[in-house]
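Letter by letter, the chains look like this.
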Amino acid sequence: MMGKLRGSVMPMDPLGKAGLLCQACGFLLVNPQQAGCGHRYCRRCVKGLFRDSERIVSCLTCKEILHLKEFHSDKAAENDALDTQIGCPNFDCRWTGTLKSYQEHLCHPEAPIGTTKNATLIPEDQNENKEKEAHWSVTAPIMGGPSLNIDAVQLRMEALELMVASLRRQLNQQVSNVKTLQHSCSQYEELLKNSQETRNSPHGAKGFGPSVQELASTDGILIWKVENFSKLLKDAKSGKRHSIFSPAFATHPFGYRLYVRLYPDGDGVGKGGHLSLFLALAKGPYDDILPWPFRQKVTFSLLDPTRRKSPLMETFLPDPQSTSFQQPHQKLNVASGSPLFTSHAEIPSYLKDDTLFLKIAVDLTGIDF
């Protein structure tokens, strides 16, 4: 079948198939012949190289002297070339397939043989000698043969333009594929983020926060024992788990429902060097009778379990304009508080058995109950 092909085509993946390109014409091998040096040429290109019996022929790649009798058919390369995916060099044709199916494509009316747009194809109505001359005249400029002429250069330029157009189409397709993958990745990242938020959310799919029986306290004060802090910090730095939630507490059995969110490796401006603490308002069953926005002063304290040092403390007043302190309409408001609560350098002296003790106190002044 290879002997019937009358064309110069490029693989869809020129870089990946570089070993199947003729060292003379630069196109996909047709009837490949292997030289004594190991490099491969199309059979017609070999005949073109040796058509002048007086001329010393060197390999166009390694410059080793070549002898015609040393060339032999390379069946393995021929089989690989036949199975190689190619694209039609015709500007107006989007056909792709294997080299093996290329001859059948050439017989199709949409891919006429011998047109100027398909200039590298050899007209079927020419005899064998003219076919050889036409093939040689196109490839001669690369090989440096004596038959260089303006027509050959023009044909070669048209062939190169076809190759560039084919590569440009492939590049555009790859760009489109990359954009599609980027969009898919963005969607997956968003799904993953939502999944993590749901998993980390302290009361999952419940309509409201925890019941009174599930609250750690109902007087606005929470003592939070944070165990295995070194592992929490390691997980945060690796991105495995950025934050944890405290047990739920409330200002009153019928009051505000609250959580504290702790970032072991910091968040925002505290990322990478601090422990961050934030207060999060949860949706509660008595929100409709509570005053909004939430305005109570909140104090965070890191306690020393040895009682040798004073607690590290920070107090903040909620911003009444922030959505974090409006009546929750979702399960949990965005947490807000202290991104720079304490530096990592200060934490070891407050650790005991890899455990931290945090105190969160809400000032109940002004709350009727």
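Computed from a predicted model, the values in this text were never measured in an experiment. (Residues numbered from 1 in each chain as written. Predicted model: local features only at pLDDT ≥ 70, side-chain atom pairs only at ≥ 80, totals over all residues. Heavy atoms only, no water.)

Our next topic: the pairing of strand 9 (residues 257-263). Counting buried positions along strand 9 gives 7 out of 7 residues, so the element sits mostly inside the fold. Two strands pair when backbone bridges link them, and strand 7 (residues 244-245) and strand 9 are joined in this way by 2 bridges, in the antiparallel orientation. Residue pairing for strand 9: Phe 245 is matched across the bridge by Arg 261. Direction of pairing for strand 8 (residues 249-250) relative to strand 9: antiparallel, over a ladder of 2 bridges. Opposite Phe 249, over in strand 9, you have Leu 258 as the bridge partner. Between strand 8 and strand 9, which pair antiparallel and follow one another directly, the connecting turn spans 6 residues. Here 7 bridges tie strand 9 to strand 10 (residues 274-282), and the two strands are oriented antiparallel to one another. For Arg 257, the partnering residue across the bridge sits in strand 10 and is Ala 282. (Buried < 20%, exposed > 50% of the residue type's maximum accessible area, 1.4 Å probe, protein only. Helix = DSSP H or I, 4+ residues; strand = E, 2+ residues; numbered from the N terminus. Pairing = 2+ DSSP bridges.)

Our focus in this paragraph is the nonpolar core. Generally speaking, soluble globular proteins have nonpolar side chains that are buried together. Judged by nonpolar contacts, the single largest core of 32 residues is most densely connected at Leu 279 and Leu 358. Contributions of two or more residues to this core are made by strand 6 (221-226), helix 6 (229-238), strand 9, strand 10, strand 11 (298-303), strand 12 (312-316) and strand 14 (356-362). Leu 21, Cys 42, Val 46 and Phe 71 belong to the second largest nonpolar core, which has 19 residues in total. (Core = buried A, V, L, I, M, F, W, Y, C linked by side-chain atoms within 4.5 Å.)

Taking strand neighbours across the sheet as the criterion, the 4 strands line up as 6-14-11-12 in an open arrangement whose pairing is antiparallel. At either end of the open sheet lies a strand with only one pairing partner, and these are strand 6 and strand 12. Each strand of the sheet is rotated relative to its neighbour by a mean of 15°, with strand direction disregarded. Summarising the sheet, strand 6 and strand 14 pair through 6 bridges and their orientation is antiparallel. If you follow Ile 223 over to strand 14, its bridge partner there is Lys 359. (Axes fitted to C-alpha atoms, helices over the stretch in contact; angles between N-to-C directions.)

With that out of the way, let us pick up the pattern of salt bridges. Under the criterion given, the structure shown has 7 salt bridges. Between Lys 225 and Glu 227 there is a salt bridge, and its shortest N-O distance comes to 3.8 Å. We classify Glu 227 as partly exposed; its relative accessible area is 46%. (Salt bridge = Lys/Arg side-chain N within 4 Å of Asp/Glu carboxyl O.)

Bringing the packing of aromatic side chains into the picture now. Under the defined criterion, the tally for this structure stands at 11 aromatic pairs. Residues Phe 50 and Phe 71 carry aromatic rings whose centres are separated by 5.9 Å and whose planes lie at 80° to one another, so their mutual orientation is edge-to-face. Here the residue Phe 50 occupies a position in the loop between helix 1 (43-49) and strand 3 (72-73), and Phe 71 occupies one in the loop between helix 1 and strand 3, the gap between them amounting to 21 residues. The same class applies to Phe 50 as to Phe 71, namely buried. (Phe/Tyr/Trp six-rings, centres within 6.5 Å; stacked < 30°, edge-to-face > 60°.)

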